[in-house]
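The residues making up each chain are set out below.
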Amino acid sequence: GKFGPYGGQYVPEALMPAIEELTDAYRRYVLGNEDGFMDEFRERLADFGGRPTPLQRADRLSERYDREVYLKREDLLHGGAHKLNNALGQVLLAKYMGKERIVAETGAGQHGTATAMAAAHLDIPCEIYMGERDINRQRPNVFRMKLNGAEVNPVTAGRGTLKEAISETMRDWATTVENTHYVIGSIVGPHPFPVMVRDFQAVISEEAREQSIEKAGELPTDVVACAGGGSNTMGTFAGFVDDEAVALHAVEAGGSTLEVDEEAGVAPNSASLYTGEEGVLHGARTKLLQDSDGQIMESHSISSGLDYAGVGPELAYLVDEGRVSPVAVDDDAALEGFHRLSSTEGIIPALETAHAFGFLEEHHEELGDRVVVNVSGRGDKDLDAAIEETDKR
Ligand SMILES: Cc1ncc(COP(=O)(O)O)c(/C=N/[C@H](C(=O)O)[C@@H](O)C(C)C)c1O
């Protein structure tokens, strides 16, 4: 469970039995396909989720940037984001482990919605922890979680965002490990969560690799994905990591600026890979936004899904190794990317996804002839925020 100095299992003793049980189940069912687990996972992802998602040529953006731009359409996955790949895998695994209850955290509400959908589909009770602040800025998703039969527990501690929601969910899990599985939303947390979530999301790049060879006749020169915790990022990169010729770009939230105000303990961005320091959060050693005393700083982003002070240990490692290049795109550029994809390609992206299109606008000259961009989610959940933010500017 180590990626160089990153990863590990920095959890309280009370959680170790659950972590060991999960590591055993991961090895048997995900790596070993025991009882045909992975076959059932893939069949349900196809029939319930609607996989495979298209790799679609973006004609307007290809013209604008004078190179082939392909969109991996995870926004077309059932629920409107890549989150279902991981949520379905983990809820199915919980069933194979004989668990009777599901808990999960969410920030943007996409992961919470995907978990609620998967729990309804597989008939298992589900409770979602969500920060008060995020409940207020992602209302449509809160309604969807309840419609899918999940209970939504508001988290009022701290700033009421993702960080507190994850801590609250881990506290619940520590006392309910016997009958409960914690469906974590990204490639974060103690081993085996980061590798398991990456393995469930890797279907994105397995398909994109094949589709790129089919449509473009060869591998892409560049693969681009936004990065919050890093699950859609590593899912889009996993199948290309061994192809050294394929450049991998992780686009983080540059927020309002990259300048950090140490005094206030507030980072006006969520660029953990770009400006973070090594530290431990939510059970894993990784790169974090922290002040000089090592206190985790409050992050910021126009998008809830990227508003997280940490990042997956695997991504931190690949950045240190020089295999993944981290880029920060600020709120303004993300908002422009949101409007550009909507008006030129007829696809309204999630504000998280929009950061990847802000990157393309600013850096396309540095890229090669064939660029694959992951459209991690659709923007229905963000319409109010996008309109408000646009009116402000
Ligand atoms: C449409 C969309 N795109 C990208 C992300 C970033 O999460 P990663 O893919 O795990 O980096 C997200 C993250 N959403 C999570 C959520 O909905 O709860 C997020 O807030 C946390 C789990 C990180 C998202 O919704």
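Look above for the structure.
The present account deals with the structure reproduced in this document. (Residues numbered from 1 in each chain as written. Predicted model: local features only at pLDDT ≥ 70, side-chain atom pairs only at ≥ 80, totals over all residues. Heavy atoms only, no water.)

The next thing to look at is the sheet that holds strand S10 (residues 247-255). Read across the open sheet, the six strands follow the order S3-S4-S14-S9-S10-S13; overall the sheet is mixed. Bordering the open sheet on either side are strand S3 (55-57) and strand S13 (324-330), each of which pairs with just one other strand. Between one strand axis and the next, the sheet turns through 25° on average, direction left out of account. Contacts between helix H10 (residues 203-216) and the sheet are confined to S3, strand S4 (68-72) and strand S14 (370-374), with S4 contributing the most and set at about 145° to the helix. Docked against the sheet, helix H15 (residues 351-363) engages S4, strand S9 (222-226), S10, S13 and S14, running at close to 110° with respect to S10. (Pairing = 2+ DSSP bridges. Helix = DSSP H or I, 4+ residues; strand = E, 2+ residues; numbered from the N terminus. Axes fitted to C-alpha atoms, helices over the stretch in contact; angles between N-to-C directions. Contact = heavy atoms within 4.5 Å.)

Here the focus is the environment of Tyr 70. Along the chain, Tyr 70 falls in strand S4. Along the backbone, Tyr 70 and Glu 263 are 193 residues apart, and their C-alpha atoms lie at a distance of 43 Å.

Taken as a whole, this structure holds 31 salt bridges when the rule is applied. The salt bridge involving Arg 51 is made with Glu 207; its shortest N-O contact spans 2.7 Å. Of the two residues, Arg 51 is situated in the loop between helix H2 (37-49) and S3 and Glu 207 in helix H10; the sequence distance between them amounts to 156 residues. Given the relative accessible area of 8%, Arg 51 is considered buried. Between Glu 218 and Arg 370 there is a salt bridge, and its shortest N-O distance comes to 3.5 Å. With Glu 218 in the loop between H10 and S9 and Arg 370 in strand S14, this pair connects stretches of sequence that are 152 residues apart. The exposure class assigned to Arg 370 is buried, which follows from its relative accessible area of 14%. (Salt bridge = Lys/Arg side-chain N within 4 Å of Asp/Glu carboxyl O. Buried < 20%, exposed > 50% of the residue type's maximum accessible area, 1.4 Å probe, protein only.)

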